[in-house]
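Observations on chain architecture
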Amino acid sequence: MAKIILTGDRPTGRLHVGHYVGSLRRRVELQNSGEFDKIYIMIADAQALTDNADNPEKVRQNIVEVALDYLSCGLDPAKSTLFIQSMIPELTELSFYYMNLVTVSRLQRNPTVKSEIQMRNFEASIPVGFFTYPISQAADITAFQATTVPVGEDQMPMLEQCREIVHKFNSVYGETLTMPQIMLPDNQACMRLPGIDGKAKMSKSLGNCIYLSDTEEDVRTKIMSMFTDPNHLKVSDPGKVEGNPVFIYLEAFARPEHFAEFLPDYAGIEELEEHYKRGGLGDVKVKKFLNNVMQSELAPIRERRAQWEKDIPAVYEILKKGSEEAEKVAADTLSKVRAAMKINYFDDAALIKEQMEKYAANKEN
Ligand code: TRP
């Protein structure tokens with residue numbers, strides 16, 4: 001069976017280093033591994049509109065931002081198909097059919113939907129489109145017959161719900177859709193990178209993000225102001241590394257080469273953590289190291305972004321070509337879905353003949 005990746009992001013802002021370690025870096029590795037037959041990366045503008053219906057301009061502005069972030073991380077349009085969700089109308093038709101296979105109470109139990117409803121103060125009045133977005137996400141995944149969906153931990157309930165829809169569809173209408181597998185980050189620190197203020201999640205509204213498009217200076221300032229262990233006051237004090245964002249970031253970013261290059265007194269992260277826990281290692285020294293590590297990871301991304309920023313029409317052209325290609329694939333799946341659901345009336349010569357014969361027989365009687 002072909003190995004196919006589909007994943008994507010909502011264009012509601014520029015992408016940050018949490019997106020990077022949680023999913024983007026992995027996508028680029030998977031792309032370059034050559035192990036996949038097809039890779040689809042979707043800018044989920046229609047999903048972004050489910051909770052930004054009154055702000056379409058925000059979504060529209062951020063499409064190119066997300067595309068620039070993709071390209072600057074090394075997603076390569078020659079190897080991965082980059083496209084825009086709303087340009088694939090087949091996805092909405094699939095969603096409409098899948099809606100019949102999901103109950104309201106099942107959607108209400110989806111933990112991601114639940115927590116997002118709370119976060120957005122939607123309790124009193126939930127937009128229907130928002131409430132049903134897990135169904136549309138199942139359409140995104142199945143339209144491309146994706147086998148593998150690399151996403152962050154927060155998307156687990158979405159994948160679970162998608163798998164239920166696939167199972168239900170195939171058992172009601174016959175084997176048609178491919179059962180997708182989630183692919184989570186393999187490193188705990190990458191699962192959910194905290195904000196620079198130590199809050200559990202990086203989020204634009206909390207102003208605690210480091211963006212992929214931040215300047216070198218911005219990144220340094222943010223790292224040097226990062227929250228650490230509040231009880232680690234003097235260098236000689238023992239410090240805590242659990243829940244300490246500086247160490248979580250190091251776990252997500254630092255590789256042995258970084259120690260060799262920037263902090264050769266330590267063999268690796270364990271040694272550095274031991275020293276911090278014992279006392280005698282200052283926050284500034286650790287932050288400077290983190291800054292070196294992150295700058296070396298982010299510099300090539302920033303350089304590639306600067307290049308693409310000079311050719312915005314080319315970025316739109318990539319998305320247009322990608323969307324055209326993606327639509328063909330989704331249309332093919334949709335026609336299989338319609339056939340399985342017996343709603344291909346005009347394509348089915350046997351049906352027309354059957355009806356004709358029925359009426360011919362009626363006349364004879
Ligand atoms: N829900 C995802 C997010 O918020 C975006 C998304 C939409 C997606 N459709 C998808 C991710 C399909 C993976 C597969 O980031």
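The shown structure was predicted, so the numbers you read here are calculated from the model rather than taken from an experiment. (Residues numbered from 1 in each chain as written. Predicted model: local features only at pLDDT ≥ 70, side-chain atom pairs only at ≥ 80, totals over all residues. Heavy atoms only, no water.)

What follows covers the pattern of salt bridges. Taken as a whole and judged by the stated rule, the model has 24 salt bridges. Between Arg305 and Asp69 there is a salt bridge, with the nearest N and O atoms lying 3.2 Å from each other. Of this pair, Arg305 sits in helix H15 (residues 283-309) while Asp69 is found in helix H3 (residues 56-73), placing the two residues 236 residues apart along the sequence. For the salt bridge of Glu217 with Arg220, the shortest nitrogen-to-oxygen distance reads 2.8 Å. In this pair, Glu217 and Arg220 both sit in helix H11 (residues 216-224), three residues apart, roughly one turn of the helix. (Salt bridge = Lys/Arg side-chain N within 4 Å of Asp/Glu carboxyl O. Helix = DSSP H or I, 4+ residues; strand = E, 2+ residues; numbered from the N terminus.)

Taking burial as the measure, the six residues of strand E1 (residues 4-9) include five buried ones, the bulk of the element. Judged from the six bridges that link them, E1 and strand E2 (residues 38-43) form a sheet pairing that is parallel. Note on E2: the bridge partner recorded for Ile5 is Ile39. Read as a crossover between parallel neighbours, the route from E1 over helix H1 (residues 17-33) to E2 is right-handed. (Buried < 20%, exposed > 50% of the residue type's maximum accessible area, 1.4 Å probe, protein only. Pairing = 2+ DSSP bridges. Right-handed = clockwise from strand over helix to strand, strands pointing away.)

The next thing to look at is the site of the ligand. As a structural note, the neighbourhood of the ligand is formed by 13 residues, with Met42, Gln47, Gln137, Asp140 and Gln155 the closest of them. At a separation of 3.3 Å, an oxygen atom of the ligand approaches a polar side-chain atom of Arg10. Note that a nitrogen atom of the ligand is positioned 2.8 Å from one of the side-chain N or O atoms of Asp140. For the ligand, whose unbound accessible area comes to 370 Å², protein coverage reaches 91%. Counting residues per element, the ones that place at least two in the shell around the ligand are E1 and helix H8 (133-143). Considered class by class, the residues forming the shell around the ligand number six nonpolar, five polar and two charged. (Near = heavy atom within 4 Å. Polar contact = N/O pair within 3.5 Å; in protein donor to acceptor, adjacent residues only side chain to side chain. Areas by Shrake-Rupley, 256 points an atom, 1.4 Å probe, with all protein chains shown as cover. Nonpolar A, V, L, I, M, F, W, Y, C, P; charged D, E, K, R; others polar.)

Where helix H12 (residues 245-253) contacts H15, the axes come no closer than 10 Å and their chain directions differ by 35°. Along this stretch, H12 crosses H15, giving a crossing that reads as left-handed. Contact with H12, carried on its side by Val246, Phe247, Tyr249, Leu250 and Phe253, involves Val286, Lys287, Phe289, Leu290, Val293, Met294 and Glu297 of H15 and no other residues of that element. Looking at side-chain class alone, the contact of H12 with H15 contains 10 nonpolar, no polar and two charged residues. (Axes fitted to C-alpha atoms, helices over the stretch in contact; angles between N-to-C directions. Left-handed = near helix turned anticlockwise from the far one by under 90°. Contact = heavy atoms within 4.5 Å.)

Looking now at the nonpolar core. Considering soluble globular proteins, one finds that nonpolar side chains tend to be buried as a cluster. Ranked by internal contacts, the top residues of the largest apolar core, which has 62 residues, are Val17, Tyr249, Leu250 and Leu272. Per element, the largest residue contribution to this core is eight residues, and it comes from H3. The contacts of Tyr249, once residues within four sequence positions are left out, are Val17, Leu193, Pro194, Gly195, Ile196, Met202, Ile210, Met226, Ala254, Leu290 and Met294. Counting residues in hydrophobic clusters, the runner-up holds 43 residues, among them Leu6, Phe131, Met158 and Leu177. (Core = buried A, V, L, I, M, F, W, Y, C linked by side-chain atoms within 4.5 Å.)

Within the secondary structure, Gly34 is located in the loop between H1 and E2. For Gly34, a relative accessible area of 60% translates into the label exposed. Note: C-alpha distance between Gly34 and Asp265 (231 residues apart in sequence) is 37 Å.

A complete count under the given rule lists nine aromatic pairs for this structure. Aromatic pair Phe122 and Phe130: ring centres 5.2 Å apart, planes at 70°, arrangement edge-to-face. Of the residues examined, Phe130 reaches a relative accessible area of 0% and is grouped as buried. Of note, Lys3 hangs over the ring of Phe36, and the distance from its end group to the ring centre comes to 4.9 Å. Sitting above the plane of the Tyr133 ring, Arg10 keeps its charged end 4.6 Å from the centroid. (Phe/Tyr/Trp six-rings, centres within 6.5 Å; stacked < 30°, edge-to-face > 60°. Lys NZ or Arg CZ within 6 Å of the ring centre and 35° of its normal.)

A word on the environment of Val59. Structurally, the position occupied by Val59 is in helix H3. Considered as a pair, Val59 and Gly195 are 136 residues apart in the sequence and their alpha carbons are 23 Å apart. In this structure Val59 touches Pro11, Asp45, Ala48, Leu49 and Asn52, once residues within four positions along its chain are discounted.

As for its placement among the helices and strands, Asn344 is situated in the loop between helix H16 (312-340) and helix H17 (349-364). Apart from the residues within four sequence positions on either side, Asn344 is in contact with Arg338 and Ala339.

With that settled, consider unusual backbone geometry. In this model, Asn121 sits at a positive phi of 55°, which is unusual for a non-glycine residue. Relative to the helices and strands, Asn121 resides in the loop between helix H6 (111-119) and helix H7 (128-131). The residue Lys342 is not glycine, and still its phi comes out positive at about 65°.

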